[in-house]
Amino acid sequence: RKEVEQDPGPFNVPEGATVAFNCTYSNSASQSFFWYRQDCRKEPKLLMSVYSSGNEDGRFTAQLNRASQYISLLIRDSKLSDSATYLCVALNTGFQKLVFGTGTRLLVSP
Amino acid sequence: DTAVSQTPKYLVTQMGNDKSIKCEQNLGHDTMYWYKQDSKKFLKIMFSYNNKELIINETVPNRFSPKSPDKAHLNLHINSLELGDSAVYFCAFILDLHPYEQYFGPGTRLTVT
């Protein structure tokens, strides 16, 4: 079992739709969590950190549920430019090591 | 200016060859990483270096060896290349500890034929 698991998708949504991704993690010692975005043939880039209280950045909302060990990302009012792979990431604080999920692919169509 | 650069961007080589991928960062940070992203897009850490000391070595064959000639460079040398080594290799650096953010290089696409 992978330490961070995601539904690979793809999620096909029309512009303007709201879409949610979930991911689960198995290492209860993981302290910090992130969502990275990776465009085709590009490097991953940090989208947002995930805090226990939940956090919002514009159209993006991230939530962490430590009891159930899952993280979510909600995208409202999807844009064509949101089409990418979204990587759920857990930080192994002891080793300063990021553990990546396999990513969820999002395709936003006109 | 680009904070981290990798060369070459593409590398096509034959099995059995030895090759190096270079990574340079101008962030001035100590901790550097190498990641491998395979054909299934799974991104996995290979090595972590802190101040020229190897911190993480994730069950990587000893054909792979990171080399850090100075603080700004972390190169990846691969001996006796195999077909399964074909992947995209990313170097990365910690951009900031608070919040923790890794900044990735543009990647090197290695194809072994």
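Please refer to the structure higher up on the page.
As the structure is a prediction and not an experimental result, all values here were calculated from the model. (Residues numbered from 1 in each chain as written. Chains lettered and ligands numbered in written order. Predicted model: local features only at pLDDT ≥ 70, side-chain atom pairs only at ≥ 80, totals over all residues. Heavy atoms only, no water.)

1. Observations concerning the state of the cysteines
Next, step 1: Going through the model one piece at a time under the given rule, you end up with two disulfides over all chains.
Next, step 2: Disulfide pairing places Cys23 of chain A opposite Cys88 of chain A at an S-S distance of 1.8 Å. Note that Cys23 of chain A is positioned in strand β3 (residues 19-25) and Cys88 of chain A in strand β9 (residues 84-92), a separation of 65 residues in sequence.
Next, step 3: The disulfide partner of Cys23 of chain B is Cys91 of chain B, and the S-S distance across this bridge is 1.9 Å. For the disulfide bridge between Cys23 of chain B and Cys91 of chain B, the dihedral angle about the S-S bond is near 75 degrees, and by the sign convention the bridge is right-handed. (Disulfide = S-S within 2.5 Å. Helix = DSSP H or I, 4+ residues; strand = E, 2+ residues; numbered from the N terminus.)

2. Here's the deal with the interface of chain B and chain A
Next, step 1: The interface of chain B with chain A comprises 21 residues on the first partner and 19 residues on the second.
Next, step 2: For chain B, the biggest contributors to the area lost against chain A are Phe42, Tyr100 and Phe104 of chain B; these three give 31% of the whole.
Next, step 3: Along the contact surface separating chain B from chain A lie zero salt bridges.
Next, step 4: The tally of links between chain B and chain A comes to two residue pairs in polar contact (both at pLDDT 80 or more).
Next, step 5: Contributions of two or more residues to the side of chain B that touches chain A are made by β4 (31-37), β5 (43-50), β9 (87-97) and β10 (100-104) of chain B.
Next, step 6: Classifying every residue of the side of chain B that touches chain A by side-chain character gives 13 nonpolar, four polar and four charged. (Contact = heavy atoms within 4.5 Å. Buried area = accessible area lost by both parts, 1.4 Å probe. Salt bridge = Lys/Arg side-chain N within 4 Å of Asp/Glu carboxyl O. Polar contact = N/O pair within 3.5 Å; in protein donor to acceptor, adjacent residues only side chain to side chain. Nonpolar A, V, L, I, M, F, W, Y, C, P; charged D, E, K, R; others polar.)

3. Some details on the pattern of salt bridges
Residues and elements named next belong to chain B.
Next, step 1: Following the criterion strictly, the structure yields six salt bridges over all chains and no others.
Next, step 2: Taking the shortest distance from any N to any O, the salt bridge between Arg63 and Asp85 comes out at 2.8 Å. Of this pair, Arg63 sits in the loop between β6 (53-57) and β7 (64-70) while Asp85 is found in the loop between β8 (73-78) and β9, placing the two residues 22 residues apart along the sequence. Take Arg63 and Asp85: they sit in the same class, and that class is buried.
Next, step 3: Within this structure, Arg63, Glu82 and Asp85 form a network of salt bridges that share partners. (Buried < 20%, exposed > 50% of the residue type's maximum accessible area, 1.4 Å probe, protein only.)

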